[in-house]
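Here are the chains, one letter per residue:
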Amino acid sequence: MLKCNTVCKRFAPLVRASSTVCRQNVRRAGLNNVRTPTCVPVARMSTEPLGGGGDNLKYALLVGAAFVGSLTYAVVTLKGDHQRSVKRMEDISTRLQKSTLHIQSAPPALSKPKPEAAPSAEQSSPPPEAAAPDAETTGKPSADSTSPSHKLPSHTPYLLIGGGTASFAAARSIRARDPGAKVLIVTDEPDLPYMRPPLSKELWFSDDPSVTETLRFKQWNGKERSIYFQPPSFYINPEDLDSAENGGVAVLTSKKVVHMDVRGNKVKLDDDTEISYDKCLIATGGIPRSLQVLERSGEEVMKRTTLFRKIEDFKSLDKVSRSVNSITIIGGGFLGSELACALGRKSTESGLEVVQMFPEKGNMGKVLPEYLSNWTTEKVKKEGVKIISEALVKSVACKDDKLEIQLKDGRLVRTDHIVAAVGLEPNVDLAKSAGLEVDSDFGGYRVNAELQARSNIWVAGDAACFYDIRLGRRRVEHHDHAVVSGRLAGENMTGASKPYWHQSMFWSDLGPDVGYEAIGIVDSSLPTVGVFAKATAKDTPKAATEKSGTGIRSESETEDTATSPVASATPAPAVEHKDDYGKGVIFYLRDKVVVGIILWNVFNRMPIARKIIKDGEEHADLNEVAKLFNIHED
Amino acid sequence: MLLFLSASGKDRIIFVTKEDHEAPSNAELIADDPNDPYEDPGLILPNGDINWNCPCLGGMASGPCGSQFKEAFSCFHYSKEEIKGSECIDQFRSMQKCMQKFPDLYPQEEDKESTSQTEPSPVSDSADKTKSSFY
């Protein structure tokens, strides 16, 4: 048919010219019921004069054209049928595989051996692989629906892989900008999207004995809230996503995306469901790093080890902390120090021994300049934590139900349980199938300044190695970054083309004396300038800094910025000052430009810090910049 | 003002009194461009439209009652009546009807502009204690 059309179009002028003649001919040939003159122009190409001979030829050509046309039609139909039948076969086999998987993964109570045929009515005989008996799988016990996949959407306009902070922020952003948007979140966790910071902070300070169930905490302003971003009523069921009039956000829990087909714009889940998408966000976060020594130490050790990240880790660690005598945290960064302080606080009531060990000299050694790291370590000790610094773990063994941690310098630590907080491994499982680039310096998927990896694919959160226009290529593992990048990805998925510009911040609280907020690149290997508030001109913090063991060498009392070092320091009498490093601001410099700022126990000043980073200017006197923060006020 | 240098020479520490910081700063900051397309625009976009993605709105524009909220708030925003929004009663009513269906998302005693569980940050999400005020 199509062939005829194209042919006819080309011969349209001829048709018009010869239409009257055609009609006459047709009548003459007695072919009143034959096809319309549309195909006749082919006949008109003949230069033979009209007449008897011409008629025969016309007839022959007409039949020929009809034959060709019907042949074409037949081929097309058959091809379509073939495709349909192939797809049918695929559908049936996947459904069978799914039902076998259901049987294998369904709890024993549900599966009943029944020599039934496969669930689909069309299939007459089950393929050899599905020899396992088919069971009537009722809905999964959990509230979340994982009913037969043919009810799940096979296509979603917005697919978000991963159900964490970045994903939720993107879902919010998409819904705000695209009215009626249908967003599907697929997560391998059994929980709806929740925020992580309270898992190592606020939840541990709660007085509520049922906190592990409610997962509610008190915010800084006194108001209580859940760690879940939204209650279940906010979301719609995945099955209802297609038909939802105003769209919505649906969360598919306990499902993992195992394969991504970028050219076909679709993904495959671990139960072989395929979902196609228009726009996709990868927000897969990461998994906690383990230590090789732990992995090598065998099952008895691993049984007594927690890699802390998720809600289930919080619940199990809470339980452990009530039943053991000693917990050792390996790692001196944010997570390790926060958990140490949280457990340390509890230890005063329960008599729990809390040990924290790390290779650096002090807590947050990779973030804070040495003097501040040392000061912080003393504060962490006051929270009841036994600190073992400059500790490298050589081996771990389980003896008489106790763990023995052998350090490289010979020290031995005996404990009941280990919490490893040694970093995050970004989850780039989909890189291979999707053909996405992984960054070799920072890990994670490599994306551009607009967080895009490839057409229709964006990455946000912990897993994104992105280009920060101001600070260069980086990967950030903080909560606010997940929110900011998730929101930006959502914006760009709905048509904006905005680069990462609004600088995210982060914070940490380590007990009552140490609370700070930070922004930008905060790496202790960079040169820093710290400006701290002193109560009166008479105070001498020198003693306190000496006491903290930094070996400060030079000192000058002047308005100018003196830089000349002086003779070796002599220890001054130890004097305790309450406000040493009590509050202040610390600038991190790269090529004389401020690339990171820590607000040390000063709050509500983040906008100024953000502005300074954004400007990216060289400032001759950072004390003048520090004035902008009004550190002496509250 | 006291100045110190760390042992490695890498880190400088300055202790300042209130008097040290009394004089206004001479640090120069670059003037902000109000039309910078990269900047987060706040509640109102440069062209006068509402920025539905503003963190200050919490989840109002993106939740199940998002479309009703948007209609009501848009009507209010563009209203030129003497009593602003007086012609938007129907939209607000339908928004309220929707919100009543989700009591745990939209606490019933709160007003139309406040959010359910999250505190809206009045200006931007960079305010200090927004660390717990997530959206």
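An unreviewed UniProt entry annotates chain B as Coiled-coil-helix-coiled-coil-helix domain containing 4a originating from Kryptolebias marmoratus. Among the UniProt annotations of chain B, the heading Subcellular location (unreviewed entry) holds the following wording: "Mitochondrion intermembrane space".

Chain A has the name Apoptosis-inducing factor 1, mitochondrial in an unreviewed UniProt entry, where Kryptolebias marmoratus is given as its organism. The annotation that UniProt attaches to chain A under Cofactor (unreviewed entry) is "FAD". Per its UniProt entry, chain A bears the Sequence similarities (unreviewed entry) comment "Belongs to the FAD-dependent oxidoreductase family."

Once that is clear, we can look at helix 11 (residues 334-350) of chain A. All names here are of chain A. Between its first and last C-alpha, helix 11 extends 24 Å over 17 residues, near the 24 Å set by a 1.5 Å rise per residue. Those residues of helix 11 not exposed but buried are Gly-336, Ser-337, Glu-338, Leu-339, Ala-340, Cys-341, Ala-342, Leu-343, Gly-344, Lys-346 and Ser-347. Gly-351 lies just past helix 11 and shows a positive phi near 75 degrees.

All names here are of chain A. Relative to the 18 Å expected for 13 residues at 1.5 Å per residue, helix 12 (residues 370-382) spans 19 Å between its end C-alpha atoms, a close match to the ideal helical length. The complete set of buried residues in helix 12 reads Tyr-371, Leu-372, Ser-373, Asn-374, Trp-375, Thr-376, Thr-377, Lys-379 and Val-380. Just beyond helix 12, the residue with positive phi is Gly-384, at close to 95 degrees.

All right, on to the packing of helix 10 (residues 311-323) of chain A against helix 11 of chain A then. Residue and element names in this part refer to chain A. Axis separation between helix 10 and helix 11 bottoms out at 11 Å; the angle between their running directions is 40 degrees. Regarding the angle of helix 10 to helix 11, the classification is oblique. Considering the relative orientation of helix 10 and helix 11, their crossing is right-handed. Touching Leu-317, Asp-318, Ser-321 and Arg-322 of helix 10 are Leu-339, Leu-343 and Lys-346, all from helix 11. Looking at the contact of helix 10 with helix 11, its residues break down into three nonpolar, one polar and three charged.

Here Leu-105 of chain B shows up in the segment after helix 2 (89-100). Measuring from C-alpha to C-alpha, the distance between Leu-105 of chain B and Asp-49 of chain B comes to 26 Å, with 56 residues separating the pair along the chain.

Let us look at the pairing of strand 24 (residues 505-509) of chain A. Residues and elements named next belong to chain A. Burial analysis of strand 24 places four of its five residues in the buried class, which makes it a mostly covered element. In this sheet, strand 25 (residues 515-520) lies alongside strand 24 in antiparallel orientation, the contact comprising five bridges. Bridge pairing links Ser-508 to Tyr-516 in strand 25. Where strand 24 hands over to strand 25, the hairpin turn is made up of five residues, of which Gly-511 adopts a positive phi near 90 degrees.

Okay, the sheet that holds strand 19 (residues 445-446) of chain A next. Residues and elements named next belong to chain A. With mixed pairing, the three strands of this open sheet are ordered in space as 19-22-23. A strand with exactly one partner marks an edge of an open sheet, and here the two such strands are strand 19 and strand 23 (472-474). In this structure, strand 19 lies alongside strand 22 (residues 464-468), joined through two bridges in parallel fashion. Its bridge partner being in strand 22, Arg-446 is matched across the sheet by Cys-465.

All right, on to unusual backbone geometry then. Residues and elements named next belong to chain A. Unlike most non-glycine residues, Asn-604 shows phi in positive territory, near 65 degrees. As for its placement among the helices and strands, Asn-604 is situated in the loop between strand 29 (593-600) and helix 16 (606-615). Since its relative accessible area comes to 55%, Asn-604 is described here as exposed. Non-glycine residue Asn-630 carries a positive phi angle of around 50 degrees.

Next up on the list: the side chain of Thr-415 of chain A. Along the chain, Thr-415 of chain A falls in strand 16 (residues 412-415). Side-chain polar atoms of Thr-415 of chain A contact the side chain of Ser-326 of chain A, separated by 2.7 Å.

Let us look at the packing of aromatic side chains. All names here are of chain A. Applying the stated criterion across every chain yields a total of 23 aromatic pairs over all chains. Measuring from centroid to centroid gives 5.2 Å for Trp-204 and Phe-314, while their planes differ by 85 degrees, and the two rings are edge-to-face. Of the two residues, Trp-204 sits in helix 6 (residues 202-205) while Phe-314 sits in helix 10, which places them 110 residues apart along the sequence. Trp-204 gets classed as buried once you look at its relative accessible area, which sits at 3%. We classify Phe-314 as buried; its relative accessible area is 0%. Geometrically, the ring pair formed by Phe-466 and Tyr-500 is tilted, given 4.4 Å between the ring centres and 45 degrees between the ring planes. Taken as a pair, Phe-466 in strand 22 and Tyr-500 in the loop between helix 14 (479-493) and strand 24 lie far apart in primary sequence, 34 residues in all.

Negative charge collects at one region of the surface, where Asp-591, Glu-617 and Glu-618 of chain A together with Glu-28 of chain B lie side by side. Along the chain, the position of Glu-617 of chain A falls in the loop between helix 16 and helix 17 (622-627). Take Glu-617 of chain A: its relative accessible area is 34%, and that puts it in the partly exposed class.

Turning our attention to the domain arrangement of chain A. Residues and elements named next belong to chain A. Domain annotation of chain A identifies domain 1 (155-193 + 229-285 + 427-494), domain 2 (290-423) and domain 3 (505-629). In this assembly, 19 residues from domain 2 lie in contact with 25 residues from domain 3. The junction of domain 2 with domain 3 conceals about 1800 Å² of combined surface from both sides, 66% of it contributed by carbon and sulfur atoms. At the surface where domain 2 touches domain 3, the tally comes to zero salt bridges. Taken together, the connections running from domain 2 to domain 3 amount to four residue pairs in polar contact (both at pLDDT 80 or more). Of all the secondary-structure elements, those providing two or more residues to the side of domain 2 that touches domain 3 are helix 11 and helix 12. Classifying every residue of the side of domain 2 that touches domain 3 gives 10 nonpolar, four polar and five charged.

Conventions and cut-offs
- Residues numbered from 1 in each chain as written.
- Chains lettered and ligands numbered in written order.
- Predicted model: local features only at pLDDT ≥ 70, side-chain atom pairs only at ≥ 80, totals over all residues.
- Heavy atoms only, no water.
- UniProt positions renumbered as here; feature names shortened; annotations may be inferred.
- Helix = DSSP H or I, 4+ residues; strand = E, 2+ residues; numbered from the N terminus.
- Expected span 1.5 Å × (residues − 1).
- Buried < 20%, exposed > 50% of the residue type's maximum accessible area, 1.4 Å probe, protein only.
- Axes fitted to C-alpha atoms, helices over the stretch in contact; angles between N-to-C directions.
- Parallel < 35°, antiparallel > 145°, perpendicular 65-115°, else oblique.
- Left-handed = near helix turned anticlockwise from the far one by under 90°.
- Contact = heavy atoms within 4.5 Å.
- Nonpolar A, V, L, I, M, F, W, Y, C, P; charged D, E, K, R; others polar.
- Pairing = 2+ DSSP bridges.
- Polar contact = N/O pair within 3.5 Å; in protein donor to acceptor, adjacent residues only side chain to side chain.
- Phe/Tyr/Trp six-rings, centres within 6.5 Å; stacked < 30°, edge-to-face > 60°.
- Patch = residues over 30% accessible without salt bridge, like charges linked within 9 Å, V, L, I, M, F, W, Y side chains within 5 Å.
- Areas by Shrake-Rupley, 256 points an atom, 1.4 Å probe, with all protein chains shown as cover.
- Salt bridge = Lys/Arg side-chain N within 4 Å of Asp/Glu carboxyl O.
- Lys, Arg positive; Asp, Glu negative; His and termini not counted.
- Charge placed at Lys NZ, Arg CZ, Asp CG, Glu CD.
- Domains from an automatic or database assignment.
- Buried area = accessible area lost by both parts, 1.4 Å probe.

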